Each structure stands twice: as structure tokens, then as C-alpha cells.
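# Fold and contact review
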Amino acid sequence: MSECVPESWRDVLAPVLASPEARRLGGWLLAEERAGKRIYPPRGARLRALELTPLEAVRVVILGQDPYPGPGQAHGLAFSVPAGVRVPPSLANIQRELASDCGVAPPADGNLERWARQGVLLLNSTLTVEDGRSGSHAGQGWEAITDAMVAAVAARAGPSVFILWGSHARAKAGRVPGLEDREEGRGRHLVLASPHPSPLSAHRGFFGSRPFSRANAFLEASGRGRVEW
């Protein structure tokens, strides 16, 4: 791993980043790049979510699968794209559900940094992907690292909301102490699970799941304020 870990996350991630699995991941990514493969997001942006959302500021974790696999799309925040980049279908569905849930009109772009700066950790299970090949970096070692990120939030005393979109996100929660095998609303955290917002699955329960208003209701009741989605 050549990425610089932000200070607030450094201590909790140090053990996993020093593991043989993490070293293998770093060597594998380097070999893939030297072989001429295009990997997204670029170096320096892969831990952007941690930079914008310090551990002590996390109120909501949104979990996805892996970064967008197209040029210029992925910039280190799950489901987000830089301003000026066309909004991908999954994000368009997220914006549609937000409008239905909270009456928030679709913004001018798909950059979700405004969420990240309010304590919304936008995290994928796998933090890199090869150009044009969704899921291509699954199973290479990222999962242990992102498991540790989720576990660090779950271990904090303060209540947080975990929004799990898709089977990869639900599987990750099942590996984290405090989140596994639990019903919504039990324990100090709130876990909201639904199908992925992809056009392939959004109509199976993502639409109408109201994650944004339910998250805010829980945060306000817990004394942690609301997110301005």
C-alpha cells in the first residue's frame, strides 16, 4: 500500500496495513500498473474518503461494491463522480430516491464531497478497479482493509448509521463485530440494508427504502444532528 493514510485513521488501520495481505495487495497493484493496465481511481485518490471524513467525524457509513470503471469517474468516494462528469445510472437512482424521500432536487453534478464533509463515509468494499472491468479487483486484499475501516466506526461509542447497498455491502457488515446477524434498530447503531441502486436491482427494494430520512431521524434522536443531503 503506497497511499498515505490520514492521521485520524492511522492507528486503527496500522495492524491491517502491516499485514502480509496488504503487502501482497500493494505488490499486485504495482505489477498491474507496470503491465500497462489502467486502474481507477488514480494513486493519491484511493483513500480520499478517509481524508474528507475523519474517523471521529463519521456519522453515516454508505457501503457500495467498487469504484466506477470508466475514465474520469472514480475519485475515491463511493457512488460519487467529479463535477462535470456525467452522472452514472446508479447515482441517478440515488438522486431519484433522495428526491422522493426528502424532497431534495437533483443537484447540478454528481460530486458527493458535500456529504463526506458532513461525516458521511462513502466507502466501497474494494477501493480500486481496472478500466472497463467492474469487480476486477475483488478478492485481491482490499476487503480486509475496508473491513477494518467499518469495524473502527462500529467500535466507537457514538451511534452511527450504516447504509448497506447491495449484497457486497451486506456481506461486509456480516463480518464486522457489532453489525453482524442483527436486526435493524437493535444495538447502538442503525443498519439500513437494501438492494443496490443499480438499474439492474433498484426496483427490487432500493426505491422506496427511504434511507436518507431514516438516517436523519436516528441521528437526531441520538443527539448527533442531521445530514443536509
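A brief structural summary. None of the values given here were measured: they were computed from a predicted structure.

Now for the packing of aromatic side chains. Per the stated rule, a full pass over the model turns up seven aromatic pairs. With a centroid separation of 4.9 Å and an interplanar angle of 85°, the aromatic rings of Trp-115 and Trp-229 are classed as edge-to-face. Here the residue Trp-115 occupies a position in helix α5 (residues 113–116), and Trp-229 occupies one in the segment after α8 (211–221), the gap between them amounting to 114 residues. Among the aromatic residues, those joined into a cluster by ring pairs are Phe-79, Trp-115, Trp-165, Phe-206, Phe-207, Phe-212 and Trp-229. Positioned above the aromatic ring of Phe-207 is the side chain of Arg-96, whose terminal nitrogen or guanidinium carbon lies 4.1 Å from the ring centre.

For the rest of this paragraph, the subject is the environment of Ser-213. Within the secondary structure, Ser-213 sits in helix α8. Between the C-alpha atoms of Ser-213 and Leu-98, which are 115 residues apart in sequence, the distance is 8.7 Å. Excluding anything up to four places from it in sequence, Ser-213 contacts Asp-101 and Cys-102.

A few words now on the side chain of Lys-172. In this structure, Lys-172 sits in helix α7 (residues 167–173). Dropping the residues within four chain positions of it, Lys-172 is found in contact with Leu-63, Ser-125, Glu-143, Thr-146, Asp-147 and Val-150.

To continue, consider the side chain of Thr-53. By the element assignment, Thr-53 lies in the loop between α3 (48–52) and β2 (60–64). Look at Thr-53 and you get buried, because its relative accessible area is 1%. Among the polar contacts listed, one links the side chain of Thr-53 to the backbone oxygen of Ala-116, at a separation of 2.8 Å. Other than its neighbours up to four places away in sequence, Thr-53 contacts Trp-9, Val-58, Ala-116, Gly-119, Val-120 and Leu-121.

All right, on to the nonpolar core then. One finds Trp-9, Ile-62, Trp-115 and Trp-229 to be the most contacted residues of the largest nonpolar core, which totals 63 residues. For Trp-9, the residues in contact, after removing those within four places along its chain, are Leu-50, Thr-53, Pro-54, Leu-55, Val-58, Leu-121, Met-149, Ala-152 and Val-153.

In this section: unusual backbone geometry. Note that the residue after Tyr-40, namely Pro-41, is joined by a cis bond; omega there is -15°. Relative to the elements of secondary structure, Pro-41 occurs in the loop between β1 (39–40) and α3. Although it is not a glycine, Phe-79 adopts a positive phi angle of roughly 70°. Of note, Phe-79 is situated in the loop between β2 and α4 (89–102). Judged by its relative accessible area of 7%, Phe-79 falls in the buried class. Positive phi, normally seen in glycine, also occurs at Arg-210, with a value near 55°.

Criteria and cut-off values
- Residues numbered from 1 in each chain as written.
- Predicted model: local features only at pLDDT ≥ 70, side-chain atom pairs only at ≥ 80, totals over all residues.
- Heavy atoms only, no water.
- Phe/Tyr/Trp six-rings, centres within 6.5 Å; stacked < 30°, edge-to-face > 60°.
- Helix = DSSP H or I, 4+ residues; strand = E, 2+ residues; numbered from the N terminus.
- Lys NZ or Arg CZ within 6 Å of the ring centre and 35° of its normal.
- Contact = heavy atoms within 4.5 Å.
- Buried < 20%, exposed > 50% of the residue type's maximum accessible area, 1.4 Å probe, protein only.
- Polar contact = N/O pair within 3.5 Å; in protein donor to acceptor, adjacent residues only side chain to side chain.
- Core = buried A, V, L, I, M, F, W, Y, C linked by side-chain atoms within 4.5 Å.

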